Amino acid sequence: MRHVFVLLLLALALSPVLVRQAHASQVAVRGTDILVDGKPFVPLGASGETRFPDLKALGANTIRTYGQEPGEILDAAQRAGLKVIVGFWLGHPRLGFNYADRAAVTAQLEALRHMVERYRTHPALLMWGIGNEVEVELSPEEAQAVWPAIEEAARLVKTLDSQHPTMAVLAEVGQDKAAILKRNAPDIDVLGINGYGDGLLTAAGRARAQGWTGPIILTELGAQGHWDAPKAPWGAPMEPTSSDKAARVRRYLMGAKQAGVGAMPFLWGQKQEVTPSWYSLLLPTGEWTETVEVMADLWGGKVPGGPNRAPRILALSLVGPARFSTDGQTLVRLSATDPDGDPLKAEWQIMAETTARSVGGDPEPVPPNFPEGLHDPAPTGVRIFGLPPGRYRVFVTLRDGRGAAATGNIPFEIQ
C-alpha cells in the first residue's frame, strides 16, 4: 500500500499540475506599456485552443480565451512558452442576461471569484479579460447597465489578484466607446478592441483621441467582417479569398506594429460563421492559410512544417450568371499558383447558404453539402447545374501537399 502511495505521489509530481506551481510572472501596466517581470511585452498571437507550439513558432507570445475553463489551456500554453489572456464571459443582455437581476449578477461574480482564486498564480497567466463585446447590439441606453457591471467585475479581480491587469474587450471602438469605458470602469487597465477591415488602421488612434491612456490590444483582427462585405443581390456577403485576406491582414499587422499595440488575428483554429472559412486561419483537416504565413513573416517566425509558402488564388469568378433557373447552369473559373512550384490539388464543394442570423460569433450549424451540383471539376474550374431552387455557395480548397492551403467561395442562387 505504501508503495502505491509513493507511486501516486510521483505521478502527481510529474503531472501537468506541476506547471501551475512554477514561478508566476508579475505583470504590470506602465503608461501605454504592459510589463512582464519588468520588461515591455507586446501581446502577439491569436484566439484559439489548439496547436500552441505551431503558434509559438510563428513568433507569437500570447493566446486569448473567452470564458471556458482555462486550466488545460494555461498548462499547454506554459509548455509551449505562451502567455494567456484568460477571458471570463460576462452575460450579454442581447442574449437575455439581465443586469438588474442581482441574484444572477452575484452568481456571475462568484464564478469569476472562483476562476481568479484558482488560476491567479499560474505562470502562463498574462491578464484577465473581463467580458467580450458585452455591449454589442445594444443602444446607448440599453448599454448603460453594462459598463458598471464590467467595473464591478474588474474591481473584484483587483481585490483577489494584484499581480495581473484587467482588460475589457469592445466590439470596435467607435467614436466614444473607449471614453465611456474609461469613465465608467476605472479598474480596467487594458483596452481590447475587436476589429475587422480598414477600421483597424485607425482604431488605436481613435481610442487615444477619446482619452484612453493605457495599453491597447487588437484582440480580434481580421480582413473583413461579413457585416461590412459587399453583398450579392439577394443579400449574401461576398467572402474575400484567403489570398485577399492575407494581403489585408499584412497591412493591419504592420499598422498595429507602428502604433505599438498588441495584435491577435482571428481565429487560430476553424469555425462555421457565415462559412466554414471566413474567420478560420486553419482548415478542419489541419492545413494553414496564407495569413499564417504573413504572421510568421512579420513576427520573425516560421510556418508549421518548415519553409513553405501557401498557394495563392489569383482570380476566382463566375463565367455565367450568379442567378439562374433550374434548367440553367454557370461556370466557375479559377486561376491559382504556388510560390514554391508545388503541384496543387483542387477540391470543389457546394454548400447551402447559411440561414443563421447569428451575431458576435454565436454558434451556427454547418450548412448541408450538395455534391450533385458539381460537374467536370478541374484545377481551373467547375460547372454547376442540376440543383433545386435555393441559395448556395461554391467553395474551392487548394492544397499544396505540404500543409498549406488556399480557400475561396462564390455565392449563387437558383430560381
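See above for the structure.
Definitions and cut-offs
Along each chain, residues carry numbers from 1 onward, in the same order as the chain's sequence is written. Given that the model is predicted, a residue must reach a pLDDT of at least 70 before its local features are reported, and side-chain atom pairs must reach 80 or more before they are shown or counted; all residues, however, enter totals for whole chains, interfaces and linings. Excluded from the side-chain calculations are hydrogens and water; all other atoms, namely the structure's heavy atoms, are used. Fitting a line to C-alpha atoms yields each axis, with helices limited to the stretch in contact; the angle taken between N-to-C directions then spans 0 to 180 degrees. Strands here are runs of E lasting at least two residues and helices are runs of H or I lasting at least four, both read from the DSSP assignment and numbered beginning at the N terminus. Two helices cross in a left-handed way if the nearer one is turned anticlockwise from the farther one by less than a right angle. They cross in a right-handed way if the turn is clockwise. What makes two residues a contact is simply this: any of their non-hydrogen atoms within 4.5 Å. By the convention adopted, Pro, Cys, Tyr, Trp, Phe, Met, Ile, Leu, Val and Ala count as nonpolar, Lys, Arg, Asp and Glu as charged, and the other residues, Gly among them, as polar. Here, a strand pair is defined by DSSP locating no fewer than two bridges between the strands. One side-chain nitrogen of Lys or Arg within 4 Å of one carboxyl oxygen of Asp or Glu is enough to make a salt bridge. The buried label applies to any residue whose accessible area, calculated with a 1.4 Å probe on protein chains only, is under 20% of its type's maximum; exposed applies above 50%, and partly exposed to all values in between. Residues enter a nonpolar core if they are buried and are Ala, Val, Leu, Ile, Met, Phe, Trp, Tyr or Cys, with the set joined through side-chain atoms within 4.5 Å. Within this analysis, the arc is defined by the directions that extend from the helix axis to the C-beta atoms.

Chemist: Help me understand the packing of helix α4 (residues 102–119) against helix α5 (residues 146–160), please; the structure alone is not making it clear to me.
Modeler: For any two helices packed against each other, the geometry comes down to the angle between their axes and how far apart the axes lie. α5 packs onto α4 with a crossing angle of 35 degrees between their chain directions and a minimal axis gap of 10 Å. Taken as a pair, α4 and α5 cross one another with a handedness that is right-handed. Contacts from R102, V105, L109, L112, R113, V116 and E117 of α4 reach α5 at E152, A153, L156, V157 and L160. Of the residues contributing to the contact of α4 with α5, the split by class is eight nonpolar, no polar and four charged.

Chemist: In this structure, what is going on with unusual backbone geometry? I would like to understand it.
Modeler: Residues other than glycine predominantly adopt negative phi, and peptide bonds predominantly adopt the trans conformation. Following F266, the chain continues to L267 via a peptide bond in cis, the omega torsion being 10 degrees. For R51, which is not glycine, the phi dihedral falls at a positive 50 degrees. Inspection of the secondary structure assignment puts R51 in the loop between β4 (45–47) and α2 (52–57).

Chemist: Can you walk me through the environment of T159 in this structure?
Modeler: With respect to the secondary-structure elements, T159 resides in helix α5. It is 68 Å that separates the C-alpha atoms of T159 and D327, two residues lying 168 residues apart in sequence.

Chemist: Would you explain the pairing of strand β1 (residues 27–30) in this entry?
Modeler: Here β1 pairs with strand β2 (residues 33–36) via four bridges, running antiparallel. Across the sheet, V29 pairs through a bridge with I34, a residue of β2. Between β1 and β2, which follow one another and run antiparallel, lie two residues, and G31 among them has a positive phi close to 60 degrees.

Chemist: Sorry, what's going on with the pattern of salt bridges here?
Modeler: Should their charged atoms come close, side chains of opposite charge can pair. Taken as a whole and judged by the stated rule, the model has 26 salt bridges. The partner of K158 in a salt bridge is D189, and the shortest N-O contact between them spans 2.8 Å. With K158 in helix α5 and D189 in the loop between α6 (177–184) and β9 (190–196), this residue pair connects regions lying 31 residues apart in the sequence. A relative accessible area of 30% means that K158 is categorised as partly exposed. With relative accessibility at 19%, the residue D189 sits in the buried group.

Chemist: Help me understand the pairing of strand β18 (residues 390–399), please; the structure alone is not making it clear to me.
Modeler: Residues in a regular strand project their side chains so that they alternate between the two faces of the sheet. Among the 10 residues in β18, eight count as buried, and that is most of the element. Alignment of β18 against strand β19 (residues 405–414), held across 10 bridges, turns out to be antiparallel. Note that in β19 the partner of V394 across the bridge is I410. The loop that links β18 with its antiparallel partner β19 comprises five residues; one of these, G401, has a positive phi angle of about 75 degrees.

Chemist: Help me understand the sheet that holds β2 in this model?
Modeler: To summarise the sheet geometry, strands pair through backbone hydrogen bonds and adopt either a parallel or an antiparallel arrangement. Spatial ordering of the open sheet is given by β1-β2-β3, a layout of three strands whose pairing is antiparallel. Bordering the open sheet on either side are β1 and β3 (39–40), each of which pairs with just one other strand.

Chemist: It is not clear to me how the nonpolar core should be interpreted in this structure. Could you clarify?
Modeler: Among soluble globular proteins, nonpolar side chains are generally buried collectively. Core analysis: the biggest nonpolar cluster contains 77 residues, and L55, W128, I150, L181, I188 and L191 have the highest contact counts within it. For this core, the leading source of residues is α5, giving nine residues. Once residues within four sequence positions are removed from consideration, L55 is found in contact with A46, A60, T62, I63, L82, W268 and M295. If you look at the next biggest cluster of nonpolar residues, it comprises 21 residues, including I350, A352, V396 and F412.

Chemist: Is there a simple way to think about helix α7 (residues 200–209) in this case?
Modeler: Two residues of an α-helix separated by three or four positions point the same way, owing to the 3.6 residues in each turn. When α7 is considered as a whole, its buried residues turn out to be L200, A203, A204, R206 and A207. Down the axis of α7, the smallest arc covering the buried residues is 165 degrees, so these residues share one side. Looking at the buried positions of α7, the neighbouring elements they touch are α6, β9, β10 (216–222) and α8 (242–259). Note on α7: the residue one or two positions beyond its end, G211, has a positive phi of about 105 degrees.

Chemist: Is there a simple way to think about the sheet that holds β9 in this case?
Modeler: The strand order across the open sheet built from eight strands is β4-β5-β6-β7-β8-β9-β10-β11, with neighbouring strands paired in parallel fashion. Edge positions in the open sheet fall to β4 and β11 (262–265), since each of these has one partner strand only. Each neighbouring strand pair of the sheet contributes to a mean axis angle of 25 degrees, computed without reference to strand direction. The pairing of strand β5 (residues 62–64) with strand β6 (residues 83–88) spans three bridges and is classified as parallel. Within β6, the position partnered with I63 by the bridge is V84. Strand contacts of α6: β8 (166–171) and β9, with the helix running at about 145 degrees to β8, the strand carrying the most contacts.

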